[in-house]
Amino acid sequence: MNKHLAMAAIALVFLTSSVNRSGAQDAPNPPAETRIDGLEGSTEIVRMQGPYDAEVPLQVVSYFKRTPSSDSRMAGAPVELDRHLGGLIASLRSRGEFDGEELETILFDVPEGAIKPKRLLLIGLGDESSLSLERMERVGRVALREAVKVGATKVAFAPLIRDQGNTQIPTGDVENAVTRGVLLAYDTEKRLQKQGFARPYTLEEWVVEAGPKYYDETVAGVRKAVGEARVAASKRDSTPYSNKSR
């Protein structure tokens, strides 16, 4: 009897060990990422993931102005994102309630369990033919200021430009411009706080989402943006914005 019990115990241990090993093998690996120290204590993160997978309070995506042919050229991440949302974005655009005019914004809460981000901010890129790096830097500024309004300290951003069929500007240059806009807007925000003109806010993480094909050039673009923003911020006028105090 004791012999049978001992054999049963050994079998149970072996089975448990096998299950644990199988579970460890089945656990998904975390996405590749590169972390870069930004301005004012922020961290810029380039992460290989889509706009539906980031566990952040706020996800930002951008769209060109809608045209009769724009929907047919949409592929990849924006299609998958809207599928998770049950067609919400497509409905807003087809009904003319979010056309994607330059710097147009719309913010909404995400349906429970649809995607990992809690809220989604759409920013318009305007006419595709006139896309520029200056416009992408303005997109970055708008994204940061909208994040401040809602108090989102961790934000993810996906431009979705390639997925809309546009190859006009290299991916690394796009993220360079956007990140520079984000960081300089954040620098302004912190200066306003120090002078009593803004409520406390800290950008802990700015996550740049990139696919495998564009990951390395995105990292290079973000690194360059951090350096450029640091230099530009150091050259800003340090005198108070106003002779009125609060």
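Counting of residues starts from 1 at the beginning of each chain's written sequence and follows it residue by residue. A pLDDT threshold of at least 70 governs which residues receive local features in this predicted model, and a stricter bar of 80 or more applies before side-chain atom pairs are shown or counted, although totals over entire chains, interfaces and linings include all residues. As a rule here, side-chain values come from all non-hydrogen atoms in the structure, and water together with hydrogens is ignored.

- An unreviewed UniProt entry lists the chain under the name Peptidase M17 leucyl aminopeptidase N-terminal domain-containing protein, from Paludisphaera borealis.

## Some thoughts on the packing of aromatic side chains
When we look at a pair of aromatic rings, we describe it by the centre distance and by the angle of the planes.
Step number 1: Pairs were defined over the aromatic rings of Phe, Tyr and Trp, the Trp ring being its six-membered one, requiring ring centres within 6.5 Å. Orientation was assigned from the angle between planes: stacked under 30 degrees, edge-to-face over 60, tilted for the rest. Scanning the model with the defined rule gives two aromatic pairs in all.
Step number 2: Centroid distance F157 to W206: 6.0 Å. Interplanar angle 25°. Geometry classified as stacked. Residue F157 is found in strand β6 (residues 154–158), and its partner W206 is found in strand β7 (residues 205–209); the two are separated by 49 residues along the sequence.
Step number 3: A relative accessible area of 0% places F157 in the buried class.
Step number 4: By relative accessible area, W206 is classed as buried at 0%. A run of H or I in DSSP becomes a helix once it reaches four residues, and a run of E becomes a strand once it reaches two; helices and strands are each numbered from the N terminus. Buried means the residue's accessible area, taken with a 1.4 Å probe over protein chains only, is under 20% of the maximum for its type, while exposed means over 50%, and partly exposed covers the values in between.

## Comments concerning the nonpolar core
Step number 1: In this text, buried Ala, Val, Leu, Ile, Met, Phe, Trp, Tyr and Cys residues form a nonpolar core when linked through side-chain atoms within 4.5 Å. V60, M136, L144, V155, L203 and W206 are the most contacted members of the largest nonpolar core, which totals 41 residues.
Step number 2: Secondary structure elements with two or more residues in this core: β3 (58–64), β5 (119–126), α5 (133–150), β6, α6 (171–194), β7 and α7 (215–234).
Step number 3: For this core, the element with the highest residue contribution is α6, accounting for eight residues.
Step number 4: Contacts are assigned to residue pairs that have any heavy atoms within 4.5 Å of one another. When sequence neighbours within four positions are dropped, the list of residues in contact with V155 reads L58, V60, A147, L203, E205, W206 and V207.
Step number 5: Within the second largest apolar cluster, 18 residues are counted, among which are I89, V110, I115 and A158.

## Considerations on the layout of surface pockets
Step number 1: A 1.4 Å probe that fits into a set of points on a 1 Å grid over the protein atoms alone but cannot get out defines a cavity; an open set with protein on both sides within 12 Å along at least five of seven lines defines a pocket, and lining residues are those with an atom within 4 Å of a point. Grid points are joined across faces, edges and corners, and a volume is the space filled by probe spheres set on the points. In this structure, the largest pocket encloses a volume near 330 Å³.
Step number 2: Along its surface, the largest pocket is lined by 18 residues, and D163, E209, A210, G211 and Y214 are the ones closest to its centre.
Step number 3: We call Asp, Glu, Lys and Arg charged. Ala, Val, Leu, Ile, Met, Phe, Trp, Tyr, Cys and Pro are nonpolar, and the rest, Gly among them, are polar. A breakdown of the residues in the lining of the largest pocket according to their chemical character gives nine nonpolar, five polar and four charged.

## Some points on the environment of E55
Step number 1: Residue placement: E55 occurs in the loop between β2 (43–47) and β3.
Step number 2: Judged by its relative accessible area of 65%, E55 falls in the exposed class.
Step number 3: Each C-alpha atom, one on E55 and one on K118, is 7.9 Å from the other, the two residues being 63 residues apart in sequence.

## Some points on the sheet that holds β3
Step number 1: Strand order across the open sheet formed by seven strands is β1-β2-β7-β6-β3-β5-β4, with mixed pairing between neighbours. Since the sheet does not close on itself, it has two edges, and those belong to β1 (33–37) and β4 (105–109), each with one partner. The average angle at which neighbouring strand axes cross in this sheet is 20°, direction not considered.
Step number 2: Two strands pair if DSSP finds at least two bridges between them. As paired strands, β6 and β7 are joined by four bridges and run parallel to one another. Along β7, the bridge assignment pairs V155 with W206. Orientation is described by lines fitted to C-alpha atoms, with helices fitted over the stretch in contact, and by angles between N-to-C directions that extend from 0 to 180 degrees.

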